[in-house]
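Breakdown of the fold
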Amino acid sequence: MPRWVKRLAIGVVLAVLGLNFAAAGFLIWLGGSLPQTEGEKRLPGLYGPVDISRDDAGVPLIRAGSLEDGYFALGFVHAQDRLWQMESMRRIGAGRFAEIVGNLSETLGEQVFPFDRFTRGLGFYHRAEAAYARATPELKSALERYAAGVNAFLESRDGPLPPEFIALFHEPEPWRPADSLVWQQLMAFQLGSNWADELTRLRMAEAGLEPGQIAFLFRQAGELLEPESGFKQGLIAPDMLDRAIRFAAALPAALAPQGASNAWAIAGARTESGKPLLASDPHLRLTNPNLWYLARIETPDGLRAGGTVPGVPFLALGHNGNIAWGFTTPHADSQDLYIEQLDPADPGRYLAPDGSRVFETREEHFRIGSREVTETFRSTRHGPVISDIWSPAGRTDDKAVLALAAPSFASDERTAEAFLALGAAGSVPEALDILSDFSSPAQNVTLADTEGNIALTLAGRFPERRNGDGFMPADGVRAHGDWTGWVERFRLPRFVNPPEGFVIQANDRIPPRDPELQLGREFEAPFRAERIRASIEAMGAQANRDQQRALQMDQLSLDVPLVLDLLLPRLESSALDAAASEAVGRLRAWDTRMNRNRPEPLIYTLWTTLLHREIFGDELGHLLGNYRRIRPHMFDAVLTEAPEWCDDIRTDIVEPCESAIRKSLEETVTRLTAKYGTDQSAWLWGRTHVAEFRHLLWSRVPVLRDLLGADPATDGGDYSVNRGSPSQRISDGDFSFPHVHGAGFRAVYDLSDLDASHFSTAFGQSGNPFSEHYQDLAAPWADGRYRALGPRPMPGSRTLVLKPE
C-alpha cells in the first residue's frame, strides 16, 4: 500500500478512535469547509440581491432579479457544494490532473498521467477555448457570469477548502469560462465513443478470428451481419493493441465510454390531466459525488428547474415552465479509427491516397507534481493519432498508427449554444429548431410542452462515409472509409405528435426518416423499450405521474424468459443433484423481476455469466474481458444456429451446448453455496448488487472508501427499465455484481403542472463528507422516492441572501 494511503487512513482511524487529539482537532477544523447557507453575504459582481433557499436535502431554490445574476448564483452554489467535482472535471479535461495528484505522491501522479496525455493528446481543452472564442454574446455572458459566481465563492470563503484539496495540498485557480465548456467535450467523447469497440474488434482479427466470427459476435437480435472488409491486418502490433485495450478499460468515469438511458412522453389524450407527461432517466457510471445537481432558478427572464452539472451554467435536464426534455444516447456510430501506415522511407510521414504526407505535430508541456514533462502529439488528415497516447511517438518497430475521427473535433461545433437556447424554448416546435445546432454528443431528445405537443428527435452530426459503416478501423491509405460530409438532418429519426400518442427511446434502434440510412450496428436490445411500451398501452387513457414513477423503478427483465426458455429444456435430460434441481425449480417459478430481496436474480445472473465464459472464453482468450457483457440474443444465436461455439477448441473432444449449460449451472450452485450457505433463500440479489459510487480519491483509500461511501442494495439488472447494470467481477475464489451503471437522475414531468414534477438523484447534493447532505439521498434513490422542486421554500429551509458588495 502506498505510504500516502497509509498515512491518510491511519490519521482518520486514530481520529475516529479518539487516540490522536491533534487529528481529531484537524477533522474539526476541516468541518469548517462547509459553506454558509443562512444569513447574508455581500459579494462583488452581483447586480442585485439573490435569495438562495435550501430544502431539507440541500436543493437550492435561487431567486434572482436578472438572468445574469441567476447564472452568477448557480456558479456560487455549485462551488459551495461541489468544488472538488468541478476542479477534477476541468483538470481532467485540460490534461492537468497529475499536477495536483503528484503533489501528494509522484507515484500516484505517474499512475494518472496517462489520462492527462489522453485528454491533452485529443485536444479537449484547446477546443473548449476555441468554442469560447467563437461563442455568441449570449453564451459568453452566461459563461462569464457563472465564472464570476464561482470566483466570488473562492475569494469570499472563510474556512478551509473541501477535504480533497487539503489532502492534495492544492489551492484552485480562478474559474475560467472555457472550464465550463470542457465538460461538453468530455461528454461528447464519452457518449459518442465506439472507438474502444473498434479496438477490440481489430484485436480479435489480429488474434485470428475470422471476419464472419467477429460479425457474428456483434450481431443485433434477428440480424446476420455481413463481415466488414477494407482494413489490413498485421500492421498494428498486438502489444500496442493490448495496451490500448487495457488503457480504455482503466479510464476514469469522466473519460470512459458509456451511455444508456430511458425517456418517453405521453400525449394528453392518454393522460388523466389531458396534458402530456414526460419521464427521463439518463444512465451513466455511478460516481461520488453524483454527476447531477438539482436546482431551481427563478428570474424575470424565466424559470429553470431540474438537473444541472456543477461546472456548467445551463440546465442539462429539466423544464422551464413551458417545455420539458430528456436525453438518451442513440448508440449510433459516429467515431472511426483509421490505420495510418508509416512511410517506409520516412517514419515522420504517413501514406495517404495522394501519396506521402507529413504528420502535423504539436508539443504539450505537463507537470507531475513538480516534475516537468514534454510530449509530442501527432495528427493525420483524419484526426489526432490516438495510439500516441498509449504508445508514444518514436517507436521504431511500428508499421502504422491509429488516428481517430469524431464530430466533436469539428471547428464549427455549436452544441453549447443549443444547450443554452433549449433552456429558454417556449414550445416543442421552437426546441426542434434550436436542436438543429446540436452537434455532439448526438442524442435522442424527448420533448413535451404545455400546449400539448410531444416529440422525439435524433439531434447531432453523423458522418457520411464513402464506403463501409465504421464497424472496423479503416485503411487510411485508401479513401474507402473517408468521411465526405455530415448526414443531412432531414434524414434522421423524428416523430412529432405520433398517432399512437406516445414516444419511447431506450437506446434501441429507431427508424430514420430515410430508410436507406444506416447509423450503426450496436444499438441496445429492445427489452426496456418493449416493457415501457406494454406498460404505457396498459395505462389506457388514464396515465398519471405515479404510474411513470413506478415504471422508472420497474424490475421486470424481458430477457429472462427468452434465455430460460432456451436453457431449461436442455437440462431436462440431465441428472441434476438436489441443490441444482432446487435452483432450477426457483427459476421456473420466478416472475423474472430483478428484486434485491429475491435469490433468483443472482442465480440467473451468475449462471448466464459463467455460461457466457464457457461458450466464448476459449475462442476469445484474454479478450473475453472486452466481450463480457451478456447479450441474451447471442445465446439464441449460438444454441439454434451456431452450436460449434459451445465446443471447447482447447480439447480434442467435441462438447455439445448441453454440456456447457449444465457445467455452468453446477458451478453457479457451487459458488453460491460456498459464499452464502446451503439455504438458497439467503442467496439474495441485494447481497451483491449494491450501488458502487466511486470517488476519484477516497475510493483508492481502503478505510476512507468504507467510511465515506454509501452502498445501498438496489433492484434492477442490465435489461430492466430500472437499469442496474452490474460489473461482473469473477475470480477463481469469489464473485460479485456491484451496481456500477444506472439512473443517477430520474424525473417525471407533468405538463399540466410543471411545479408538481418529481425528481430523484443518487448520493447527495453536497460533495463534502462533513455535510449532512453528503449521502442522504442514496437510500431514497435506491427505494424510488422522489421530491418536487416547487416555487416556494419548504418549511425549515435555510435561506442565504446574496447582496452586491
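Just above, that's the structure.
Chemically, a disulfide is nothing more than a covalent bond linking the sulfur atoms of two cysteines. Summed over all chains, the structure comprises one disulfide. Each disulfide pairs two cysteine sulfurs, and for C646 the partner residue is C657, the sulfurs being separated by 2.0 Å. Disulfide C646-C657: torsion about the S-S bond near 95 degrees, hence right-handed. Taken as a pair, C646 in the loop between helix 21 (632–640) and helix 22 (657–676) and C657 in helix 22 lie far apart in primary sequence, 11 residues in all.

On to the environment of L684, then. By the secondary structure assignment, L684 is in the loop between helix 22 and helix 23 (702–707). Along the chain, L684 and R598 lie 86 residues apart, while their C-alpha atoms are 5.0 Å from each other. Dropping the residues within four chain positions of it, L684 is found in contact with R596, N597, R598, P599 and L602.

Inspection of every chain in the model, using the stated rule, returns 59 salt bridges. Here R120 makes a salt bridge to E364, at a shortest N to O gap of 3.1 Å. With R120 in helix 5 (residues 106–122) and E364 in strand 13 (residues 360–368), this residue pair connects regions lying 244 residues apart in the sequence. Taken together, the shared-partner salt bridges connect E87, R90, R91, R96, E99, E173, D179 and R367 into one network.

A few words on the packing of aromatic side chains. Summed over all chains, the structure comprises 32 aromatic pairs. The ring of Y47 carries the charged tip of R145 above its face, separated from the ring centre by 4.1 Å. The ring of F218 is capped by R201, whose NZ or CZ atom sits 4.8 Å from the centre of that ring.

Okay, helix 16 (residues 527–538) next. End to end, helix 16 covers 17 Å across 12 residues, agreeing with the expected 16 Å (1.5 Å per residue, within 8%). Taken together, the buried positions of helix 16 are F527, R528, A529, R531, I532, S535 and I536. Where helix 16 is buried, its residues touch strand 4 (260–266), strand 5 (277–285), strand 22 (502–505), helix 17 (545–552), helix 18 (559–567) and helix 21. Just beyond helix 16, the residue with positive phi is G540, at close to 60 degrees.

Omega for the bond connecting N288 with P289 falls within 30 degrees of zero, at -5 degrees, which places this linkage in the cis form. Mapped onto the elements of the fold, P289 is located in the loop between strand 5 and strand 6 (293–299). With an omega dihedral of 5 degrees, the bond running from S440 to P441 counts as a cis peptide bond. Looking at where P441 falls in the secondary structure, it is placed in the loop between helix 15 (428–434) and strand 16 (443–449). Residues other than glycine seldom take positive phi values, yet H331 does so here, at roughly 60 degrees. Note that H331 resides in the loop between strand 9 (323–328) and strand 10 (336–343). A positive phi angle is found at N497, which is not glycine, with a value near 45 degrees. In this structure, N497 sits in the loop between strand 21 (494–496) and strand 22.

It is worth spelling out the nonpolar core at this point. One finds F118, W195, I386, W390, L447 and F616 to be the most contacted residues of the largest nonpolar core, which totals 210 residues. If one sorts the elements of this core by residue count, helix 3 (residues 67–94) sits on top with 13 residues. Of all hydrophobic cores here, the second largest spans 15 residues; its members include I266, L277, A543 and V748.

For the rest of this paragraph, the subject is the packing of helix 7 (residues 137–156) against helix 14 (residues 415–422). With their axes 10 Å apart at the nearest point, helix 7 and helix 14 run at an angle of 80 degrees to one another. One finds that helix 7 runs roughly perpendicular with respect to helix 14. Contact with helix 7, carried on its side by E138, L139 and A142, involves A416, E417 and L420 of helix 14 and no other residues of that element. Here the residues of the contact of helix 7 with helix 14 are counted per class, giving four nonpolar, no polar and two charged.

Those residues of helix 17 lying buried are Q548, R549, L551 and Q552. For helix 17, the arc enclosing every buried residue in end-on projection is 160 degrees, short of the 170-degree limit, so these residues lie on one face. Structurally, the start of helix 17 carries an N-cap: the backbone nitrogen of D546 is 3.2 Å from a side-chain oxygen of N544.

Further remarks concern the sheet that holds strand 16. A sheet is described by the order of its strands in space; here 11 strands give the open sequence 1-30-2-3-6-7-8-9-16-17-21, paired in mixed fashion. The strands lining the two open edges of the sheet, one partner per strand, are strand 1 (39–43) and strand 21. On average, adjacent strands in this sheet sit at an angle of 20 degrees to one another, irrespective of strand direction. In this structure, strand 8 (residues 317–319) lies alongside strand 9, joined through two bridges in antiparallel fashion. Paired with G318 across the strands is W325, a residue of strand 9. Those strands touched by helix 3 are strand 1, strand 2 (50–54), strand 3 (60–64), strand 6, strand 7 (302–308) and strand 30 (798–804), and its axis lies near 155 degrees from that of strand 6.

The element strand 17 (residues 454–459) is largely enclosed, with a buried count of six among its six residues. Residues of strand 17 alternate between two faces, with I454, L456 and L458 on one and A455, T457 and A459 on the opposite face, all of them buried. Summarising the sheet, strand 17 and strand 21 pair through three bridges and their orientation is antiparallel. Note on strand 21: the bridge partner recorded for L456 is F495.

Attention shifts here to the side chain of T609. Take T609: it is sitting in helix 20 (residues 600–620). Among the polar contacts made by the side chain of T609, one reaches the main-chain carbonyl oxygen of T605 at a distance of 2.6 Å. Those residues in contact with T609 that lie beyond four places of it in its chain are I630, Q728, I730 and F737.

Bringing a positive patch on the surface into the picture now. A contiguous patch of positive charge on the surface is contributed by R285, R694, R700 and R705. When you line up the elements, R705 lands in helix 23. Using a relative accessible area of 38% as the deciding quantity, one classes R705 as partly exposed.

Parameters and conventions
Residues numbered from 1 in each chain as written. Predicted model: local features only at pLDDT ≥ 70, side-chain atom pairs only at ≥ 80, totals over all residues. Heavy atoms only, no water. Disulfide = S-S within 2.5 Å. Helix = DSSP H or I, 4+ residues; strand = E, 2+ residues; numbered from the N terminus. Contact = heavy atoms within 4.5 Å. Salt bridge = Lys/Arg side-chain N within 4 Å of Asp/Glu carboxyl O. Phe/Tyr/Trp six-rings, centres within 6.5 Å; stacked < 30°, edge-to-face > 60°. Lys NZ or Arg CZ within 6 Å of the ring centre and 35° of its normal. Expected span 1.5 Å × (residues − 1). Buried < 20%, exposed > 50% of the residue type's maximum accessible area, 1.4 Å probe, protein only. Core = buried A, V, L, I, M, F, W, Y, C linked by side-chain atoms within 4.5 Å. Axes fitted to C-alpha atoms, helices over the stretch in contact; angles between N-to-C directions. Parallel < 35°, antiparallel > 145°, perpendicular 65-115°, else oblique. Nonpolar A, V, L, I, M, F, W, Y, C, P; charged D, E, K, R; others polar. Arc of directions from axis to C-beta. Polar contact = N/O pair within 3.5 Å; in protein donor to acceptor, adjacent residues only side chain to side chain. Pairing = 2+ DSSP bridges. Patch = residues over 30% accessible without salt bridge, like charges linked within 9 Å, V, L, I, M, F, W, Y side chains within 5 Å. Areas by Shrake-Rupley, 256 points an atom, 1.4 Å probe, with all protein chains shown as cover. Lys, Arg positive; Asp, Glu negative; His and termini not counted. Charge placed at Lys NZ, Arg CZ, Asp CG, Glu CD.

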